[in-house]
Amino acid sequence: MKLHLKIWRQAGPDAPGRLEHYPVDGISPDMSFLEMLDVVNEGLVRAGTDAIAFDSDCREGICGMCSLVVNGIPHGPDRGTTVCQLHMRRFKDGDTITIEPWRARAFPVVRDLVVDRSAFDRIIAAGGYVSINVGGAPDGNAIPVSKTVADHAMDSAACIGCGACVAACKNAAAHLFVGAKVRHLALLPQGDAERHRRALAMLDQADAEGFGSCSNEGECEAVCPKEIPILNIARLVREYSRARLAK
C-alpha cells in the first residue's frame, strides 16, 4: 500500500507544532496502525531524521496508551477499539491519513503525538478509592451484591482512562471518565459510605485541571473503546452529592 501521512510534529510543549507530510510505500494491509508508524520511524532514523514520538504499551487494546486522533476520530474509524488494534486493511491504497494527538488544555503535548494525561491520575488521587477503615478484609463473597449492580459496576470499572472521551468532546470534557470512576465505587457497598465526598472531590479536581463542560451530544460514547454506558452523570452526581452532604 502507498499512503500519504499528515502527522503532527511538535518538539515540546512550548514549541510551535505543525502537520508534516510523509509519503510511505510498502505498507502491508495486515500491519496494525502502530506497526505502520514503526516502519515510518525506521525509515526516518535511517535517513538521520528524528523519529515520530507516540505512546504505546500493551498493543492489545487494554491500556489505551496508543492515544491518536486518526482522520479526526479518536482511536480511528473502528468503533470499540484502540489504535493499536486498528489495522491498515481499514484504509485504501493511496489514502491520505491525518494523525494528531489528543487535543485538550488538560492534556498538554509532550512531543509530537505524546500528551501528558497525568490529570486523570490526579482525579483518581482526589477520590477514586475507598478509605473507610473496615478492619480486616472480608471474604469476597461475604457481602451480597446483586448481579445487576455488579454488572453495572463492572461496566464502569471497564474504563481504561485513555482520554478518548476528552479528545472527542468539543469542550474537552472528562465527564465520561469521571462519571465512570464515580459510579464504579458508588454502586458497591464498600464505597457507599464515601460516595458523596468522593464524587465532589473528583469533580472539583477535574474542574481544576481545566476540563470543559459536557456538550450533551454524546461524542464521548461514540469513541469510547469500552463503550461505557454513561453520559453526563458527573454533573448530576455533583448536585445530588452537595445536597446530601448539606443535610
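Above this text sits the structure in question.
**Student:** Would you explain the overall build of the chain in this entry?
**Tutor:** Of regular secondary structure, the chain possesses nine helices and seven strands. Put simply, the chain has 247 residues, and 46% of those count as buried. Restricting to contacts in the chain with at least 6 residues of sequence separation, those with at least 24 account for 70%.

**Student:** Where do I start with the pattern of salt bridges in this structure?
**Tutor:** Charged atoms that come close allow side chains of opposite charge to pair. All chains considered together, the criterion is met by 13 salt bridges. Here glutamate 100 and arginine 103 are joined by a salt bridge, their closest N and O atoms 3.1 Å apart. What makes glutamate 100 buried here is its relative accessible area of 18%. Exposure remark for arginine 103: the relative accessible area of 38% places this residue in the partly exposed category. Its salt-bridge partner being arginine 111, residue aspartate 112 comes within 3.9 Å of it at the nearest N-O pair. For aspartate 112, a relative accessible area of 2% gives the class buried. Each of Arg9, Asp50, Arg111 and Asp112 takes part in one network of salt bridges that share partners.

**Student:** How do you make sense of the sheet that holds strand E3 (residues 69–70) when you look at a structure like this?
**Tutor:** Two modes of strand pairing occur in sheets, parallel and antiparallel, and in both the strands are linked by backbone hydrogen bonds. Ordered in space as E2-E1-E5-E3-E4, the five strands form an open sheet in which the pairing is mixed. One side of each edge strand has no neighbouring strand; the edge strands of this open sheet are strand E2 (18–24) and strand E4 (73–74). Alignment of E3 against strand E5 (residues 96–100), held across two bridges, turns out to be antiparallel. Considered in E5, the bridge of valine 69 is made with glutamate 100.

**Student:** Would you mind showing me how to read the packing of helix H3 (residues 147–157) against helix H5 (residues 175–186) here?
**Tutor:** Working note: a packed helix pair is described by the angle between its axes plus the distance between those axes. Two elements in contact, H3 and H5, have axes separated by 8 Å at closest approach and are oriented at 145°. Like other packed secondary-structure pairs, H3 and H5 cross with a definite hand, here left-handed. Here His152, Ala153, Ser156 and Ala157 of H3 lie close against H5, whose contacting residues are Ala180, Arg183 and His184. Residues that form the contact of H3 with H5 fall into these classes: three nonpolar, three polar and one charged.

**Student:** Is there a simple way to think about helix H2 (residues 118–127) in this case?
**Tutor:** Counting along an α-helix, one turn takes 3.6 residues, and residues three or four places apart therefore face a common direction. Every buried residue belonging to H2 is among Ser118, Ala119, Phe120, Ile123, Ala126 and Gly127, and all of these are buried. Structurally, H2 contributes buried residues whose contacts are with helix H4 (164–168), H5 and helix H7 (195–209).

**Student:** Whenever I open this one, the packing of aromatic side chains confuses me. Can you help?
**Tutor:** Aromatic ring pairs: the centre-centre distance and the angle between the two ring planes describe each pair. Throughout the structure, instances matching the rule amount to five aromatic pairs. Between phenylalanine 107 and phenylalanine 211, the aromatic rings sit 5.6 Å apart at their centres with planes inclined by 80°, giving edge-to-face as the arrangement. In this pair, phenylalanine 107 is assigned in the loop between E5 and strand E6 (109–111) and phenylalanine 211 in the loop between H7 and helix H8 (219–223), connecting sequence segments 104 residues apart. According to the relative accessible area criterion, phenylalanine 107 is buried, its value standing at 1%. For phenylalanine 211, a relative accessible area of 7% corresponds to the buried category. An aromatic cluster is defined as three or more aromatic residues linked by ring pairs; in this entry it consists of Phe107, Phe120, Phe177 and Phe211. When the ring centre of tryptophan 8 is taken as reference, the NZ or CZ atom of arginine 103 above it lies at 4.2 Å.

**Student:** Honestly, the packing of H5 against H7 in this entry has me stumped. Any pointers?
**Tutor:** Between H5 and H7, whose axes approach to 10 Å, the crossing angle comes to 165°. When the interaxial angle is binned, H5 and H7 end up roughly antiparallel. As H5 packs across H7, the resulting crossing turns out to be right-handed. Touching Val178, Lys181, Val182, Leu185 and Ala186 of H5 are Arg195, Arg198, Ala199, Met202, Leu203 and Ala206, all from H7. Class assignment of the residues belonging to the contact of H5 with H7 gives a composition of eight nonpolar, no polar and three charged.

What counts and how
- Residues numbered from 1 in each chain as written.
- Predicted model: local features only at pLDDT ≥ 70, side-chain atom pairs only at ≥ 80, totals over all residues.
- Heavy atoms only, no water.
- Helix = DSSP H or I, 4+ residues; strand = E, 2+ residues; numbered from the N terminus.
- Buried < 20%, exposed > 50% of the residue type's maximum accessible area, 1.4 Å probe, protein only.
- Contact = heavy atoms within 4.5 Å.
- Salt bridge = Lys/Arg side-chain N within 4 Å of Asp/Glu carboxyl O.
- Pairing = 2+ DSSP bridges.
- Axes fitted to C-alpha atoms, helices over the stretch in contact; angles between N-to-C directions.
- Left-handed = near helix turned anticlockwise from the far one by under 90°.
- Nonpolar A, V, L, I, M, F, W, Y, C, P; charged D, E, K, R; others polar.
- Phe/Tyr/Trp six-rings, centres within 6.5 Å; stacked < 30°, edge-to-face > 60°.
- Lys NZ or Arg CZ within 6 Å of the ring centre and 35° of its normal.
- Parallel < 35°, antiparallel > 145°, perpendicular 65-115°, else oblique.

Read these as layout, nothing more, since geometry by itself doesn't imply function.
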